[in-house]
Amino acid sequence: MMPTSYEDGHISVSGAGGGSMPGKKPENTAFKQQRLPAWQPVLTAGTVLPAFFIIGLIFIPIGIGLYVTSMNIKEFQIDYTGVDMSSPCYNCSQNFSWNSSRPCACSLPFYLDQPYDSNVFMYYGLSNFYQNHRRYVKSRDDSQLNGNQESLKDPSKECEPYAWSSSKPIAPCGAIANSMFNDTLELFYNDPNGSKVQIPLTATGIAWWTDKHVKFRNPGGNENLPAAFQGTTKPVNWHWPVYELDSDPENNGFINEDFIVWMRTAALPTFRKLYRIIQRKNNMVPTLPRGNYTLEVVYNYPVRSFDGRKRVILSTISWMGGKNPFLGIAYITVGSVCFLLGVVLLIIHHKYGSRNNIAT
Amino acid sequence: NSLKTSLWMCEGENWVDSRTVYIGHKEPPPGTEAFIQQRFPDNRIVSCKYTFWNFIPKNMFEQFRRVANFYFLVIFLVQLIIDTPTSPITSGLPLFFVITVTAIKQGYEDWLRHKADKAVNECPVQVVQNGKIICKQSRRLRVGDVVLVKEDETFPCDLILLSSSRDDGTCYVTTASLDGESSHKTYYAVQDTKAFTTEEEVSCIHATIECEQPQPDLYKFVGRINVYMNNEPVARPLGSENLLLRGATLKNTEHIYAVAIYTGMETKMALNYQSKSQKRSAVEKSMNAYLVVYLCILISKAVINTGLKYLWQSDPNRDEPWYNERTDTERQRHILIRAFTDFLAFMVLFNYIIPVSMYVTVEMQKFLGSYFIMWDDEMLDEELGERAVVNTSDLNEELGQVEYVFTDKTGTLTENNMEFIECCVDGHVYIPHAICNGQEREELFFRALCLCHTVQVKEEETVDGIKHGIHQGKSSSFYISSSPDEVALVEGMKRLGFTYLRLKDGQMEILNRDDEVERFELLEVLTFDSVRRRMSVIVRAGSGEMYLFCKGADSSIFPRVIKGKVEQVKARVELNAVEGLRTLCVAYRPLSPEQYQQVCHQLSGAKLALQDRDKQLAEAYDIIERDLILLGATAVEDRLQEKAADTIESLHQAGMKVWVLTGDKMETAAATCYASKLFRRSTQILELTTKRTEEQSLHDLHLHGVFYLFSLSGDCTDFGLIIDGATLSAVMRPGQEDSNSGNYKEIFLEICRNCSAVLCCRMAPLQKAQIVKMIKASKEHPITLAVGDGANDVSMILEAHVGIGIMGKEGRQAVRNSDYAIPKFKHLKKMLLVHGHYYYIRISELVQYFFYKNVVFMFPQFIYQFFCGFSQQPLYDTAYLTLYNISFTSLPILLYSLMEQHINMDILKKDPSLYKDIAKNCLLRWPIFIYWTVLGVYDAMVMFFGAYFLFDNTSFTSNGQMFGNWTFGTLVFTVLVFTVTFKLVLDTHYWTWINHFVIWGSLVFFVVFSLLWGGIIWPFLNYQRMYYVFMQMLSSGPAWLSIILLITVCLLPDVVKKVIWRALWPTTTEKIQVGAITSMETLD
């Protein structure tokens, strides 16, 4: 679309003798006469052509940039569901029972064939898990999670059937909280010299800042949580009450970041959530050097009943986030299509454009 | 009693249903038949729909009868009853808004009608009671009341004339506002009561009237009056010549006494009204059709999703995985109930696909848009100081779809004002005010015109009550005649120097050029009749010479002429006729005393004849009006309204068929049609009139004949048809025994379709409506428009799809009952070609756009169900669901639908053929609707899957954090709002500062709202799902990039389609748009 011309702003008053009926005549404005000055663009091949070329010229480089960035991101995934007999976690997945007091552990070795230089983000991924099911999404009480005392003692009806347990209110209530992911994942680097070095994982900075500091609040401040949660009970599937999620008082109770991350329901049934961050120590050593690693899993979370899968993902991050070639490819495609269309329109414009002008 | 029986005999078969009226409510003397007292309605006219009490229930009922409103009520109730994904507020609020706005609008309109009714019903009427005059409100008038009506007053109800201030018991009436004839008609008082001329006398009349029950035919009335003279009943027949109709006006008679027989809604005028049914425009019909399609889409979506849901859920681990269990009460519910609830929940989830807000927006668009019609200065009449009036804004767009225009003639096409144009004497042409050289023949001609007429001179009383004669002041007297042509001629003569003064004691006085009074004794008047088509007078000049002056149509004069410059006059007459002037020829014959004696003998013989008097008179006239000497011809114009011809020509060019329906006689009407360029010289005229088709059988043959004529001369394209009321009713009469008459109707329709112009004369008001109805019902179902100015046009105005009233001289009834009223016929051009065109373009875009934007809105949500286990999880937040149609995307399209001008209005007026580009509802045809829907589905797919692949298992912020489902929905929604707005941007051809303000403003509003909505923990909400979602999204680079990308991809096909179509297959409109730009560029 291209500005063609502004019609000059003059207001024509039609009808003879404009002022002969002073009483009856309402004030005459260009607006009332529908004669406001206006820009009257028309989409023609000629006017649209440049736009197509410009879009093409802008989109293709952006697309290439995005694609290259995405390609430079390193990502490693490992599935630890334990579906196959060969999988180390097969036993854990088979013998699962909610009541077992003894946690089942399994460890998976893996090999990183290239070093990860910058901060590495550790995700857990679930498949076929419908966090976006309506019954599930609404099964929470935001007011309770915000530290409201009344909601703590009397959770919202939306939390049913996870609102009351043995006539005590559940905190945090609801299906989402009840099904919080509770596998423990630890990462060990198998040093070539034979020692097994545990890689330090940071558990903070994984949730939105606003969630942690505004949306989620413990009832009555972060101190003395057991007292604050007096009179409530833990969700049925949890092993510990909510005030024992972490030893750090700034990461405990409702403001536990693992909990907050879980509470942000995913859009699609296959999703990943940020679990830990592996901070880069210094510029000299890669965060994760090339070599053999072991993933130690405490297997608490059952997914096989609904054909789910569990994964661990290690990924570096660029300015555009994780690995996603889609956006780059899409930009390149759209840019090229626009460019092509520009050429087609150029031909049409040359062949037919002049004909139309003669016709009028 | 024998008289009575004979009356019963002669007055026909339909005397079953009758009413008895006691004049002055006086019981008949005992001994006569016992009459049963009947109840009659009072004289109240009711045109309003609601009363104060029934407004709310009746209006609610009418509103919920609309499919859309009912639908939303159901959705609202479902939301209230079952557990649905969205709260009842999301549909309740808009519904409440719609209902309230509509109710207020309709209530206001009805209040205006109440006011108008009140004004009519409370106007004072003088009633005679016990010998005194009492003033009553019109609505209190009852059947049997004796009413006094003074000159220039309108009759308050249907009356039987008892007596008049004129000696002969006659009165003059103009029925202009009833049937459009402005000439004065004579009505007669009842023989036995015409002597009672004062209040006291009138109140002693002791009589009863028996008459038929009210019926709508204006010209039919049968009744009987029993006057009791000394307790001895005298029965007299009553006919339509005794019946004064409500709406007619008393003229030229000081006062009359009359008795009310039909009152209120039973008057013939009220019966000729048709009930004002709500008119629906073609666009609204399309809208409803689309609505049904979308309803089907909606239901099938819900059914598909419900089915898939139960298929998917058949695995219990999917139905109820351990992390997401049902409550016990839910589990116990029967599966069928659960399935049905799910179905309803899906319906509620997708209900936005039926755009409720479209109805509000359409309503607002129509209401606000009609102001542009009212404000339009080009439709302002400076003389009257009147502007166009919009009574129903529901039909704005229908003005752009008109295919048939039915117009009244008198007062609509013409000014209702005859004017003398010229006369031609022996081939010399004279126009008024020209100096004449005073030849003898010319003076004879002028005298002939001054004498040969039946004009009366009316002397007006001035304020101080002194009668001014013509000598004192010429302006204080004027001429009255049943034929406006005669008045025009006499007035024309006055301007040429010969003034007709008066008829006094059988002497006609003429003031000649030298200011001398000439006297002529009027011996005989051979009155006008439509068979002879001429009239004559026999006068004796002061000098004793006797002349016969004859004036008439050329066809009836020329064969009787034996002398005179026939060729020159004939040429002139033909020339004038072509120009649409009404021509008359004038001839004379000097009579010797012997000849006169003979004439007298013939005439008196014929007049005294008891049998076949008419026939004998006609024979006598035929003998007398012979051997004439041609004097010359005159030309009179019923002045057409300004630019009437131009308007009709434009309407023709715009592809409309123009029909003239008039109560006037054929010759006059035909002349007007020629003058207004409805018929051209080249037009081949077909006549279907009673004159030609005296007998029924002949008439049938004639129809066939005309039809064959058509099939033969198929190559000649320009046909005109003239048909009159009687023939028409024969054509339209429903089939008797034979099925042939049905065929005639079809043949007639076929003929009409092939005619570019049709003239129907001698139409009764209801016949006009019948014609409109017949065309409406023909198989193409064309859109009709009726224009008229008088009460006789009301029925057709109400019948047509669009009724337009002209603010003429004949009262405001047409205006009141019309959908739109304009001051002059010429304003029709702008009304249709500019306003109609614009409103059609605007509303069709509005409708299509609304369906489009709701498809785009809802389809992603539909696809999302496949990814959330068919759980009815909404993709967007509740606030977005509610506000999408109400505020984010509503104003730009509303403004578009008020402001859009795809082509400059001057071009639209200059080039009427552009109107054809939008004919037949072409912007709301199915292919275009499907295109918009497909475009909507495409856009929805792009948005959803674009976001889907972007979200595909990855983080898109630089801190590695993840987004949830609400961010996903917000991303789609942001793309959606921008795409939908930009789509409108692409379609807007007229960018004023207001458009810029509203379009960019509504996008800014969306962003600001989203920031605000997510910026605060809202204490009144029980969820905080949107907290910081929008801001987090904006903090991510890929989100920005994908929003831009997705918007581009969504808009691309539409732009390409537009450009390519415009380049390869441009419509006239598009060519002109491009042409306008090129011309502007060259100007620059």
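Computed from a predicted model, the values in this text were never measured in an experiment.

Novice: Honestly, the interface of chain B and chain A in this entry has me stumped. Any pointers?
Specialist: Interface size is commonly expressed as the accessible area that is lost once the parts come together. At the junction of the two partners, chain B supplies 108 residues and chain A supplies 104 residues. Surface buried jointly by chain B and chain A totals about 9,200 Å² across both partners, of which 60% is contributed by carbon and sulfur atoms. Looking only at chain B, the three residues that lose the most surface to chain A are B:Trp322, B:Tyr323 and B:Asn953, adding up to 10% of its buried area. The tally of links between chain B and chain A comes to four salt bridges. Here B:Asp83 and A:Lys138 are joined by a salt bridge, their closest N and O atoms 3.3 Å apart. Linking chain B to chain A there are 32 residue pairs in polar contact (both at pLDDT 80 or more). The dominant element in the side of chain B that touches chain A, judged by the number of residues it contributes, is helix α35 (residues 1037–1064) of chain B, at 17 residues.

Novice: Please explain α35(B) as it appears in this structure.
Specialist: Residues and elements named next belong to chain B. Relative to the 40 Å expected for 28 residues at 1.5 Å per residue, α35 spans 40 Å between its end C-alpha atoms, a close match to the ideal helical length. Maximal helix bending in α35 amounts to about 35°, located at Leu1052; proline Pro1053 follows within four positions. With 20 of its 28 residues buried, α35 lies for the most part within the structure. Residue Ser1036 occupies the N-cap position of α35, its side-chain oxygen lying 3.2 Å from the main-chain nitrogen of Ala1039.

Novice: Quick question: what am I supposed to make of the environment of B:Ala800 here?
Specialist: All names here are of chain B. By the element assignment, Ala800 lies in the loop between α25 (794–799) and β33 (802–806). With 154 residues separating them in the primary sequence, Ala800 and Asp646 have C-alpha atoms 23 Å apart. If we skip the residues at most four places from it in the chain, Ala800 touches Lys279, Val772, Thr784, Leu785 and Ala786.

Novice: Got a minute to help me understand the packing of aromatic side chains in this structure?
Specialist: For any pair of aromatic rings, the description rests on two quantities: the centre-to-centre distance and the angle between the ring planes. Applying the stated criterion to the full structure yields 99 aromatic pairs over all chains. Their ring planes at 85° and their centres at 6.2 Å tell us that A:Phe216 and A:Phe259 sit as a pair that is edge-to-face. Taken together, the residues A:Phe216 in the loop between α7 (209–215) and α8 (225–228) and A:Phe259 in helix α9 (residues 257–263) connect sequence positions 43 residues apart. On the accessibility criterion, A:Phe216 (2% relative accessible area) is buried. Sitting over the face of the ring of A:Trp208, A:Arg264 holds its NZ or CZ atom 3.7 Å from the ring centroid. Stacked on the ring of B:Phe558, the Lys or Arg B:Lys570 has its end atom at 5.3 Å from the ring centre.

Novice: How do you make sense of the sheet that holds strand β10 (residues 309–315) of chain A when you look at a structure like this?
Specialist: The strands that make up a sheet pair up through hydrogen bonds in the backbone, lying either parallel or antiparallel. Residue and element names in this part refer to chain A. As summarised here, the arrangement of the four strands in space is β1-β10-β3-β8, forming an open sheet in which the pairing is antiparallel. Pairing within the sheet leaves two strands with one partner each, and these edge strands are β1 (75–79) and β8 (271–278). Pairs of neighbouring strands in the sheet enclose a mean axial angle of 20°, with direction left out of account.

Novice: Explain the UniProt feature "binding site: Mg(2+)" (unreviewed entry) in chain B to me, please; I cannot follow it from the model alone.
Specialist: All names here are of chain B. UniProt records the feature "binding site: Mg(2+)" (unreviewed entry) at Asp408, Thr410, Asp789 and Asp793, using the numbering of this structure. Spanning 386 residues, the named residues nonetheless gather at one spot, since no C-alpha pair among them exceeds 10.6 Å. Structurally, Thr410 can be placed in the loop between β15 (404–407) and β16 (414–425). Residue Thr410 is classed as buried on the basis of its relative accessible area of 6%. Following the sequence through the fold, Asp793 ends up in the loop between β32 (784–788) and α25. Here Asp793 is in contact with Asp408, Lys768 and Gly788, once residues within four sequence places are set aside.

Conventions and cut-offs
- Residues numbered from 1 in each chain as written.
- Chains lettered and ligands numbered in written order.
- Predicted model: local features only at pLDDT ≥ 70, side-chain atom pairs only at ≥ 80, totals over all residues.
- Heavy atoms only, no water.
- Contact = heavy atoms within 4.5 Å.
- Buried area = accessible area lost by both parts, 1.4 Å probe.
- Salt bridge = Lys/Arg side-chain N within 4 Å of Asp/Glu carboxyl O.
- Polar contact = N/O pair within 3.5 Å; in protein donor to acceptor, adjacent residues only side chain to side chain.
- Helix = DSSP H or I, 4+ residues; strand = E, 2+ residues; numbered from the N terminus.
- Expected span 1.5 Å × (residues − 1).
- Bend = angle between axes of the 7 residues up to and from the residue.
- Buried < 20%, exposed > 50% of the residue type's maximum accessible area, 1.4 Å probe, protein only.
- Phe/Tyr/Trp six-rings, centres within 6.5 Å; stacked < 30°, edge-to-face > 60°.
- Lys NZ or Arg CZ within 6 Å of the ring centre and 35° of its normal.
- Pairing = 2+ DSSP bridges.
- Axes fitted to C-alpha atoms, helices over the stretch in contact; angles between N-to-C directions.
- UniProt positions renumbered as here; feature names shortened; annotations may be inferred.

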